Amino acid sequence: MSLVVDLFSIVAIGAGVFFFLAGAVGLLRFPDPLSRLHALTKADNLGLGLVVLGLLPRSDSLLAALKLIAIWALVQLAGATAAQLVGRAVRRKGSAA
Amino acid sequence: MSILQALDVGLAFLVFAVAAWTIFAPGAFAATVGYVVYGLLLSLVWIRLFAVDVALTEAAIGSGVTGVLLIGAAARLRAAERAGHEESVSGLSGVFAAVLCALVALALAGVVLLLPDQGPSLAPQAMRKLPETGLGNPVTAVLIAYRAFDTMLEKVVLVLAVVGVWSLAADRYWGGAPGEARAASPEPTLAFLAQILAPLGILVGIHVFWVGADEPGGAFQGGAILAAMWIIVMMARLTEAPQTNAFWLRLALVAGPVVFLAAGLAGAIFAGGFFAYPPGFAKPAILFIEAFMVLSIAVTLPMLVAGPPRREPRQ
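Definitions and limits used
Residues numbered from 1 in each chain as written. Chains lettered and ligands numbered in written order. Predicted model: local features only at pLDDT ≥ 70, side-chain atom pairs only at ≥ 80, totals over all residues. Helix = DSSP H or I, 4+ residues; strand = E, 2+ residues; numbered from the N terminus. Buried ≥ 20, exposed ≤ 12 C-beta atoms within 10 Å, placed from the backbone. Contact = placed C-beta atoms within 7 Å. pLDDT = per-residue confidence, 0-100. Nonpolar A, V, L, I, M, F, W, Y, C, P; charged D, E, K, R; others polar. Core = buried A, V, L, I, M, F, W, Y, C linked by C-beta atoms within 7 Å. Axes fitted to C-alpha atoms, helices over the stretch in contact; angles between N-to-C directions. Parallel < 35°, antiparallel > 145°, perpendicular 65-115°, else oblique. Left-handed = near helix turned anticlockwise from the far one by under 90°. Expected span 1.5 Å × (residues − 1).

## As for the overall build of chain B
In step 1: Of regular secondary structure, chain B possesses 11 helices and 0 strands.
In step 2: Reading the secondary structure of chain B in the N-to-C direction produces α-α-α-α-α-α-α-α-α-α-α.
In step 3: Its C-alpha atoms put chain B at 60 × 60 × 40 Å along the principal axes.
In step 4: Counting every position in chain B, which comprises 315 residues, the buried fraction comes to 30%.
In step 5: Taking the intrachain contacts of chain B between residues at least 6 apart in sequence as the baseline, contacts between residues at least 24 apart amount to 75%.

Below you can see the structure in the form of structure tokens.
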């Protein structure tokens, strides 16, 4: 059973790390702010979500697991808001120029 | 080298790189962003040093509130920066400043490297007396019991900082409200964030204060989280800063230091020493003082961010 849990954690966290890597590459390589933002938010949501998913079976208690999920949800909220604000600022600047 | 050690070395290099980037960043805004990232990385370093209390404070105050203050300053300086009115450092004094900074850094590094392997420590004594305070977190015991006077003075400094900020107001604005007025239609994205985050954050802030007696956390960290919630609600312009002549506001600002000082004086009468707590009653006394400090910090930091009064006081 522990082997299955370990395997699940490794696969999920590995996939999460892959999304973070892809997001970082996108952030560096994409040509304009909006597509860079796109790369970044996907990495945040999916990458962190998968890492949290992989950590869930390893948490000590139900409370610890709920805290992990709460952290992911809060990062989602903050990330989505920041992306909206940056995107709006980019559009305003674009129309002004 | 184990994986953790390799990660530590990587983290240290990252801190250095971000610090260097912050110094050489083009413009005040970019440097501020670098500084915030630097603070967050530094809080990871504190966690690796098992100093979770310091990590929480660094993230909340060093990176969070200071970051907001600096972004505000950068925004105010932007016009001057664009017009090229920046005070540029000339060649010779620039070199002089760089040499001075390098000397300070070298001296600090030397001091750290010359420390004896077994550094002088009061930790054993602090842990031995911990049961007498009724607390489980030695950091809180140091802050509110062993070195209570220092902590009380820190709170006084915060109040003085607010007085300093307010005194920058023009005469006709004295006593008026700082910051932006409440918006008729607030920016929807920020308003959404503030409405979802504020109730959660208030809960987390009170929780961090409450568990601070026995686990990492405490008045400063909890108060900073509460302060952040008020700041975000004001930033979204769902509400506006109160008038600086409001009696409740001034009372809340000084409540922490006043209660702390009163408790210290009461200790001189009832417990046989300035800032001494009566045996068996230390923990309730400490939590009582901390509660008022949370209130004062939660009001002080947003007032620092809001800045000097900018509107004429309503009667």
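Next comes the rest of the write-up.
## Thoughts on the overall build of chain A
In step 1: Counting its secondary structure elements, chain A contains 3 helices and 0 strands.
In step 2: Listing each helix as α and each strand as β along chain A from the N terminus yields α-α-α.
In step 3: Its C-alpha atoms put chain A at 60 × 25 × 10 Å along the principal axes.
In step 4: A total of 97 residues make up chain A; the buried ones form 9% of that total.
In step 5: Counted over contacts in chain A with a minimum sequence separation of 6, partners at least 24 positions apart contribute 63%.

## Description of the confidence of the model for chain B
In step 1: Residue-level pLDDT values for chain B average 88, and 98% of them are 70 or greater.
In step 2: Complex prediction metrics read pTM 0.87 and ipTM 0.84.

## Regarding the interface of chain A and chain B
In step 1: If you look at the interface, chain A gives 4 residues, while chain B gives 4 residues.
In step 2: Here the side of chain A that touches chain B is composed, by residue class, of 2 nonpolar, 2 polar and no charged.

## Structural notes on the environment of H38 of chain A
Residues and elements named next belong to chain A.
In step 1: Among the secondary structure elements, H38 is positioned in helix 2 (residues 33-55).
In step 2: Residue classification places H38 among the partly exposed positions, given that 17 C-beta atoms sit within 10 Å.
In step 3: Separated by 45 residues in the primary sequence, H38 and A83 have C-alpha atoms spaced 8.3 Å apart.

## Thoughts on the nonpolar core
Residues and elements named next belong to chain B.
In step 1: Counting residues in hydrophobic clusters, the biggest one holds 57 residues, and the most contacted among them are A224, A227, W230, I231, I289 and I297.
In step 2: Of all the secondary-structure elements, those providing two or more residues to this core are helix 3 (52-82), helix 6 (138-146), helix 7 (148-166), helix 8 (188-211), helix 9 (219-235), helix 10 (247-270) and helix 11 (282-306).
In step 3: Filtering out sequence-adjacent residues up to four positions away, I231 remains in contact with V68, P302 and V305.
In step 4: Within the second largest apolar cluster, 5 residues are counted, among which are V18, Y35, V36 and Y38.

## Topic: the packing of helix 1 (residues 2-29) of chain A against helix 2 of chain A
For any two helices packed against each other, one specifies the crossing angle of their axes together with the interaxial distance.
Residues and elements named next belong to chain A.
In step 1: Close contact between helix 1 and helix 2 brings their axes to 7 Å; oriented N to C, the two are set at 165°. Taken as axis vectors, helix 1 and helix 2 run roughly antiparallel relative to one another. Considering the relative orientation of helix 1 and helix 2, their crossing is left-handed. Residue-level inspection shows S9, A12, I13, A15, G16, F19, F20, A22, G23, G26 and L27 of helix 1 in contact with helix 2, the latter providing R36, A39, L40, K42, A43, L46, G47, L48, L50, V51, L53 and G54.

## Quick word on helix 11 of chain B
Each turn of an α-helix holds 3.6 residues, which means side chains three or four residues apart point in the same direction.
Residues and elements named next belong to chain B.
In step 1: In a regular helix each residue adds 1.5 Å, so 25 residues correspond to 36 Å; helix 11 covers 36 Å between its end C-alpha atoms and thus fits that length.
In step 2: The buried fraction of helix 11 amounts to 18 of the 25 residues, a majority that puts the element mostly inside the structure.
In step 3: One or two residues past the end of helix 11 sits G307, with phi positive at roughly 90°.

## Quick look at unusual backbone geometry
Residues and elements named next belong to chain B.
In step 1: Positive phi values are uncommon outside glycine, yet R237 reaches one of about 60°.
In step 2: The residue R237 is located in the loop between helix 9 and helix 10 in this model.
In step 3: Here R237 falls in the partly exposed class, since 19 other C-beta atoms lie within 10 Å of it.
In step 4: Here F275, not a glycine, exhibits a phi torsion of approximately 60°, which is positive.
In step 5: With respect to the helices and strands, F275 occurs in the loop between helix 10 and helix 11.

## Focus on the packing of helix 5 (residues 123-133) of chain B against helix 6 of chain B
Residue and element names in this part refer to chain B.
In step 1: Relative orientation of the contacting elements helix 5 and helix 6 amounts to 75°, with a least axis distance of 10 Å. Looking at the two axes, helix 5 sits roughly perpendicular to helix 6. Note on element contacts: helix 6 touches helix 5 through P138, A141, V142, A145 and Y146, opposite A126, M127, L130 and T133.
In step 2: In terms of residue class, the contact of helix 5 with helix 6 is made up of 8 nonpolar, 1 polar and no charged.

## Concerning the confidence of the model for chain A
In step 1: Within chain A, residue pLDDT values average 88, and 96% of them lie at 70 or more.
In step 2: Across chain A, helix 1 of chain A holds the top mean pLDDT of 92, while helix 3 (residues 62-96) of chain A sits lowest at 87.

## Overview of the environment of D44 of chain A
Residue and element names in this part refer to chain A.
In step 1: If you trace the backbone, D44 turns up in helix 2.
In step 2: Once the C-alpha coordinates of D44 and Q76 are considered, the two residues, 32 residues apart in sequence, prove to be 7.4 Å apart.
In step 3: Other than its neighbours up to four places away in sequence, D44 contacts V75 and G79.

## Focus: helix 4 (residues 91-114) of chain B
In step 1: Here helix 4 of chain B is 24 residues long and its end C-alpha atoms lie 34 Å apart, about the 34 Å a rise of 1.5 Å per residue gives.
In step 2: Where burial is concerned, little of helix 4 of chain B is hidden: 0 out of the 24 residues are buried.

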